[in-house]
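# Inside the fold
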Amino acid sequence: MHGPLISPWRWIALALLLPAAVGAQVAFEDVYPPRDTRPETLWVRSPGLMRRLSVGFAAVMADVYWIRAVQYYGDTKLSMTTNRNYNLLYPLLDTTTTLDPRFNIAYRFGAILLSEGYPNGPGEIDGAIALLQKGIRAMPEKWQYYHDAGFVEYWWRDHKAASEWFLKASKVPGAPPFLPTIAARALADGGDRATARALWQGLATAEHEWLRQSARRALMRLDAEDEIEALQRIVDAFHGDTGRYPAGWIELAQLGRVRRIPLDPSGVPYALDPVSGAVSVTPDSALYPLRPVRKP
Amino acid sequence: MDAISIEGLTKHYRVGFWRPRPYVALDGLTLGVQPGEIFGFLGPNGAGKTTTLKLLMQLIYPTAGRAEILGAHVGDASVKRRIGYLPENPYFYDNLTAEELLEYFARLFGYSAAEGRRRASSLLDEVGIGPERRFALRRFSKGMVQRVGIAQALINDPEIVFLDEPMSGLDPLGRREVRELILRLRDKGRTVFFSSHVLSDAEALCSRVAIVVNGRLVATGSLDELTAFEAKGWELVVNGLPGAVLDGLRSSVSGATRLGDGRYALTLPPSAAPEPVIAALSAAGARVVSLTPLRATLEDVFVEQVRAASADRSKATLAS
Amino acid sequence: MRAIAVIAGGVFRDSIRDRIAYGLVFFAVLLIASSFLLARLTAGQDVKIIKDLGLAASSGIGVLIAVFFGIGLVTKEVERRSIYSLLSKPVSRTEFVVGKYLGLVLTLLINLSVMVAAFYAVLAVLNYLAIPDLRASWDAPALDPRMLVAFALIGVELMLVTATALFFSTFSSPFLSVALTFAIYIIGHFGEDLKHLDNIVESQTLAQVARGVYYVMPNLAALDVKSEVVHGVAVSAQHVLAASAAAGLYIALILVAATVIFSHRDLK
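A brief structural summary. In this text, all values refer to a predicted model and were calculated from it rather than measured experimentally.

## Remarks on the packing of helix 4 (residues 89-99) of chain A against helix 6 (residues 125-138) of chain A
Residues and elements named next belong to chain A. Running from amino to carboxyl end, helix 4 crosses helix 6 at an angle of 0°, the nearest separation of the two axes being 11 Å. Put simply, helix 4 runs roughly parallel to helix 6. For the pair formed by helix 4 and helix 6, the contact residues are Y90, L93, D94, T97 and T98 on the first element and G127, A130, L131 and K134 on the second.

## Here we look at the arrangement of the chains
By number of contacts, the leading pair among the 2 pairs of chains in contact is chains B and C. The two units chain A and chain B remain apart, with a minimum C-alpha distance of 22 Å.

## Considerations on the interface of chain C and chain A
The partner chain A presents 19 residues to the 26 residues of chain C that form the contact. Both faces combined, the contact of chain C with chain A buries some 2,000 Å², and carbon together with sulfur accounts for 60% of it. Counting every contact that joins chain C to chain A gives 2 salt bridges. Ionic pairing is found between D63 of chain A and K48 of chain C, a salt bridge with its closest N-O pair at 2.8 Å. Along the contact surface separating chain C from chain A lie 6 residue pairs in polar contact (both at pLDDT 80 or more). Contributions of two or more residues to the side of chain C that touches chain A are made by helix 3 (46-80), helix 8 (174-189) and helix 11 (226-230) of chain C. Element by element, the count of residues in the side of chain C that touches chain A is highest for helix 3 of chain C, at 7 residues. Here the residues of the side of chain C that touches chain A are counted per class, giving 10 nonpolar, 8 polar and 8 charged.

## A short note on the interface of chain B and chain C
Every contact between the two is made by 25 residues of chain B and, on the other side, 28 residues of chain C. Interface area for chain B against chain C, summed over the two sides, is near 2,600 Å², with a carbon-plus-sulfur share of 54%. The largest contributions to the chain B side of the interface with chain C come from L59, Y91 and L108 of chain B, which together make up 26% of the buried area. On the surface where chain B and chain C come into contact, there are 2 salt bridges. Of the charged contacts, one joins D266 of chain C and K11 of chain B as a salt bridge, the two residues approaching to 2.6 Å between their closest N and O atoms. Where chain B meets chain C, there are 17 residue pairs in polar contact (both at pLDDT 80 or more). Those elements that provide at least two residues to the side of chain B that touches chain C are strand 1 (4-15), helix 2 (77-81) and helix 3 (98-108) of chain B. If one sorts the elements of the side of chain B that touches chain C by residue count, helix 3 of chain B sits on top with 5 residues. Among the residues forming the side of chain B that touches chain C, the class breakdown is 15 nonpolar, 4 polar and 6 charged.

## Some points on the sheet that holds strand 5 (residues 72-73) of chain B
All names here are of chain B. On the basis of which strands lie adjacent, the open sheet formed by 4 strands has the order 2-1-4-5 and antiparallel pairing. Edge positions in the sheet fall to strand 2 (21-33) and strand 5, since each of these pairs with one other strand and no more. One ladder, built from 5 bridges, connects strand 1 with strand 4 (residues 64-69); its direction is antiparallel. Bridge assignment links T10 to a residue of strand 4, and that residue is A64. Contacting strand 1, strand 2 and strand 4, helix 1 (residues 49-56) crosses the sheet at an angle of about 110° to strand 1.

## Some points on the pairing of strand 8 (residues 191-196) of chain B
Residue and element names in this part refer to chain B. Summarising burial for strand 8: 6 of the 6 residues are buried, a large majority. Bridge count for strand 3 (residues 38-42) against strand 8 is 5 bridges, and the pairing is parallel. Pairing of I38 across the sheet is with V192, part of strand 8. As paired strands, strand 7 (residues 160-164) and strand 8 are joined by 5 bridges and run parallel to one another. Residue pairing in the sheet places D164 in a bridge with S195 of strand 8. In this region the chain leaves strand 7, passes through helix 6 (residues 172-187) and returns to the parallel neighbour strand 8; the handedness of that crossover is right-handed.

## Considering the side chain of R93 of chain C
By the element assignment, R93 of chain C lies in helix 5 (residues 93-129). Here R93 of chain C sits buried without a salt bridge, and the closest side chain of opposite charge, D266 of chain C, lies 6.0 Å off (N-O distance). Among the polar contacts made by the side chain of R93 of chain C, one reaches the main-chain carbonyl oxygen of Q58 of chain B at a distance of 3.0 Å. Setting aside its immediate chain neighbours within four residues, R93 of chain C contacts Q58, L59, I60 and Y61 of chain B together with L87, F262, S263, R265 and L267 of chain C.

## Overview of the environment of L102 of chain C
Residue and element names in this part refer to chain C. Among the structural elements, L102 can be located in helix 5. On a C-alpha basis, the gap between L102 and G9 in space is 8.8 Å, while along the polypeptide they are 93 residues apart. When neighbours within four sequence positions are excluded, L102 is seen to be in contact with I4 and A8.

## Remarks on the pattern of salt bridges
This structure, assessed with the given rule, holds 27 salt bridges over all chains. Between R66 of chain B and E68 of chain B there is a salt bridge; the shortest N-O distance is 2.5 Å. You can call R66 of chain B partly exposed: its relative accessible area is 38%. Given the relative accessible area of 23%, E68 of chain B is considered partly exposed. One salt-bridge network, held together by shared partners, links D63 and D100 of chain A together with K48 and D52 of chain C.

## A short note on the side chain of K80 of chain B
Looking at the secondary structure, you find K80 of chain B in helix 2. A polar contact of 3.0 Å, which involves the side chain of K80 of chain B, links it to the backbone oxygen of V91 of chain C. The residues contacting K80 of chain B, other than those within four sequence positions of it, are F109 and N156 of chain B together with L87, S88, K89, P90, V91 and S92 of chain C.

What counts as what
- Residues numbered from 1 in each chain as written.
- Chains lettered and ligands numbered in written order.
- Predicted model: local features only at pLDDT ≥ 70, side-chain atom pairs only at ≥ 80, totals over all residues.
- Heavy atoms only, no water.
- Axes fitted to C-alpha atoms, helices over the stretch in contact; angles between N-to-C directions.
- Helix = DSSP H or I, 4+ residues; strand = E, 2+ residues; numbered from the N terminus.
- Parallel < 35°, antiparallel > 145°, perpendicular 65-115°, else oblique.
- Contact = heavy atoms within 4.5 Å.
- Buried area = accessible area lost by both parts, 1.4 Å probe.
- Salt bridge = Lys/Arg side-chain N within 4 Å of Asp/Glu carboxyl O.
- Polar contact = N/O pair within 3.5 Å; in protein donor to acceptor, adjacent residues only side chain to side chain.
- Nonpolar A, V, L, I, M, F, W, Y, C, P; charged D, E, K, R; others polar.
- Pairing = 2+ DSSP bridges.
- Buried < 20%, exposed > 50% of the residue type's maximum accessible area, 1.4 Å probe, protein only.
- Right-handed = clockwise from strand over helix to strand, strands pointing away.
- Lys, Arg positive; Asp, Glu negative; His and termini not counted.

Purely geometric stuff here, so don't read any function into it on its own.
Written out as structure tokens, the structure is:
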């Protein structure tokens, strides 16, 4: 006989209580689901303070903040509201790069995320440029940061400023030879699709996959602009012939003006407005909007 | 040369935080121990016995006075090679086995691994630790730890062994074994200095003792010397003593204990010679069973000294 | 000298049998292995986070072991009084302190080696699974041997922290010793801020005091090259030698102070 006599009822009780307790929790969550709306909060606002608090573990904290920044961006982008609020993106990226000033991808990709067009994206041009300037102070040998800053300016704001950035980039030792050319074209053309294509193609060979993806999408947008121009000519020709705009692509297809319903480079059909005859990319498309809407 | 020589050894502690007052743990102890002696260092609890031993082992430092072991100052490195020490309520390393502990200490003396194992093994035999020697010390009872403690004190075959309460935690068999071990040490010519408050052990073993009370040495000498002055009379056991005769003897008898029918143990004061009483009893028809002189025991001396010392102290505090 | 080796060996043997030490090292290895999963979250920065986490875990766990075991080295023996019988043998108090220190340092360095091995193992797996394109995007190769420099300096830092813990434990209670040792660790990392406190506070005297504290305290930030090796930035041999030499002087200073304090103490 080993050990004290424990009545079998106690074992039965144990066997029943565990699944019962677990089941109760599960049922509770079914009836009263936990509120999912825990917003991202930044408790420590000052990056400098965070760095001091990290006492030697700053690099890991930087990784944590980077993960948070990416998740925050993704969650906000995917959320269903029309009024997307990216307020914490810059502070998160600022803290990340204060904790680890050599965090290359945080500067480059962070700038791309920040500058993505409003209203889908943050549209924070100033923030993007500031982040890249911080990167330049930390690592002046990185011509890519000057280049990215010029890029952001060219695409969203000021071609003259962009040109100056490209020139500065070209002066950094080890910079690729095509930079002065781009500087000149930025100054001269402004808004020209061919220049833009050249810039994006430069980025399409960047060392990071995510940067390359951004470049590919941008190039698709430029292709879409080309295609819209061609399609617009067809629609305008129809209008010239009939005095009205076509009801839809089917009508044009039946007339043989187009072969089939035209799809944009992301695979979504173009929209054709029967009243104004404008051809455009639909809001459903991943490429929408083709050109930035200025953030109010 | 004295094996141990202590001169005016004093230890004051500062007690209290804001206005520390000195607490006198040991006050001007002076004594000497001869080589080959078994010396008993006796006193009530808190008398300063353990303090003295810790001073000798340099675990604490004296406020005044000096001590020498084998002619060298106690702080000397060479001294430690030739002595052994058993602390009071010893604690060793829980996760080591008895064998490992002894071998660890043996290494500190510089013995080779093989020599260390040999010594450990034979000492564990001598103190009566059998197959348990392979168990971790945390599983040992108090008595077994005590035995291991004695073994570790002897690992270097020391000339002098210092034992603080060596019998503590041992059952009667254990006490006898340790007593025999101490006697064997003396036979080998070693010196044993042990402190205790168990007087029967001291009586059985020691050639000389010292008694400390409240940090002061109050008596020192051989057992005979200490108990010599305290002749306490006689004990007379008689058979067949009628009660009436006893009443008649009341004046010359200081005490009587009835042991049975007609059988009495009579206590005679030291002032009276026993012969007249015996004659009177024989005449009354009683038979003498035994006549034993009563000597003072060490306990008597001890208690006497402690009481005297307390009386002195209370007189001193009253006077101040 | 022999006594020092015996005592050091004793400490090392105890640590092998100590379940808590195993637990901590196991935890560190687990952390390093799990960083592999975390890597998925970082948008292509997997090698960076594995390296960051591995270096941080080795350093952090190492510091925990150094502080808590370092403080127990002397305090446990004194509190439990096992030191009474030990000091009656031919070993001086100085040899005791130094022996305990060296034993724990040996333990720490071996623990650190285990963590380094786990670290490189995880990186080897990552390197094997990665496509060449991804590898090209890394700041430094996955199995970069230069990271050993960071680990070496972590080892030096751990030796310094152990000495500090041991020093405090020779005279203060365990709780206070833990607090003071962690305080020194944190101050040691704050270096730059202390040196330039006048940028933050108004009072000039406070800034002077802070600068004084900065120069007296060991500069632990100099021993921290984790960020450099992760990003493939070269760390000069001079830097390593100079920082190690300065740390070595501090260790010697702290140990000598500890032996002096311990030698004069009454062991109640």
